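Fold and contact review
Each chain, written out:
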Amino acid sequence: MTSWKLSLGEKRDFIRLADWINKTPEGKQANGASDPVSITGLEANWRTTRFLKDSSDEPLVAVYWKPLGDTGSYSAGIIADSVRGHNLGGLAAGLLFLHLFHELNAHRVEVRTCVDNLSTMRLLKSDMMRVEGILREAAFGAGRYRDIVVAALLRDEFDDRLNRGIFGRIGISNTAESAQARELFSRYYPQFAYWNES
């Protein structure tokens, strides 16, 4: 079983991310701007950027977030290198939401993306988030204006989707209280304790 984690980025991770954004059609679309991104600019946001890595410590997906005021709301983004054939955007989104809702105590997480971003549209189709609206021609990229989809997830919606397995088996936060809760739950409901499976 592969072990996945969201980790802080190293210099090589930011270099690779900048290369992907600047040099691939998917990266340029994800950037949504005509100006190339710089490694320094990406590294400046290191506190709120994580990379999904497997047991080989290979960065596969980048995620980031920023607070929206002081209301417990966050804006989030997922940058998946789909060129290499990894379909890990959903897993990365689940781990990011887990971090925001259960570690940072978020109440609401919002994602904005171009309507023609196929990877994100697949995530929305899977009921991962609720679409709240469309901002018509709100972004300019690749020589034309593009519509932006606004989708969001509230904490209770995340917990419900997590319990229904929409995010896969990402588990719950790894605090002592969570470990006690898992142990108590698995003692009384062993048939539902998926974290005990190999």
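Let me sum up the structure you'll find in this document. Just so you know, these numbers come straight off a predicted model, no measurement behind them.

**Some points on the packing of helix 4 (residues 89–103) against helix 6 (residues 155–163)**
- Contact pair helix 4 / helix 6: the axes reach a minimum separation of 11 Å and the direction vectors enclose 135°. Classified by the interaxial angle, the pair formed by helix 4 and helix 6 is oblique. Where helix 4 crosses over helix 6, the handedness of that crossing is left-handed. Along the contact surface, helix 4 presents Gly94, Phe97, Leu98, Phe101 and His102, while helix 6 presents Arg155, Phe158, Asp159 and Leu162.
- Grouping the amino acids of the contact of helix 4 with helix 6 by side-chain chemistry returns 5 nonpolar, 2 polar and 2 charged.

**Comments concerning the pairing of strand 7 (residues 144–154)**
- Where strand 5 (residues 108–114) lies against strand 7, 7 bridges are found, and the strand directions are antiparallel. Opposite valine 111, over in strand 7, you have alanine 151 as the bridge partner.
- Two elements, strand 6 (residues 130–141) and strand 7, share 8 bridges in a ladder whose sense is antiparallel. Bridge pairing links valine 131 to alanine 151 in strand 7.
- Taken together, strand 6 and the strand that follows it, strand 7, pair antiparallel across an intervening segment of 2 residues, in which alanine 142 is found at a positive phi of about 55°.

Rules behind the numbers
- In every chain, residue numbers begin from 1 and rise along the written sequence.
- In view of the model being predicted, local features appear only for residues whose pLDDT reaches at least 70, and side-chain atom pairs are presented and counted only at 80 or more, with totals across whole chains, interfaces and linings using the full set of residues.
- For side-chain calculations, the full set of non-hydrogen atoms in the structure is used, while hydrogens and water are omitted.
- Where helices are involved, their axes are fitted lines through C-alpha atoms of the stretch in contact, as for all axes, and angles between N-to-C directions lie from 0 to 180°.
- Starting at the N terminus, helices and strands are each numbered in turn, a helix being any DSSP run of H or I of at least four residues and a strand any DSSP run of E of at least two.
- Our angle categories are set so that under 35 degrees counts as roughly parallel, over 145 as roughly antiparallel, 65 to 115 as roughly perpendicular, and the remainder as oblique.
- In this scheme, a crossing is called left-handed if the near helix is turned counterclockwise away from the far one by less than a right angle; it is called right-handed if the turn is clockwise.
- Here, two residues are considered to be in contact whenever any of their heavy atoms come within 4.5 Å of each other.
- Throughout, the ten residues Ala, Val, Leu, Ile, Met, Phe, Trp, Tyr, Cys and Pro are labelled nonpolar, Asp, Glu, Lys and Arg are labelled charged, and all others, Gly among them, are labelled polar.
- Note on pairing: DSSP must find at least two bridges between two strands before they are called paired.

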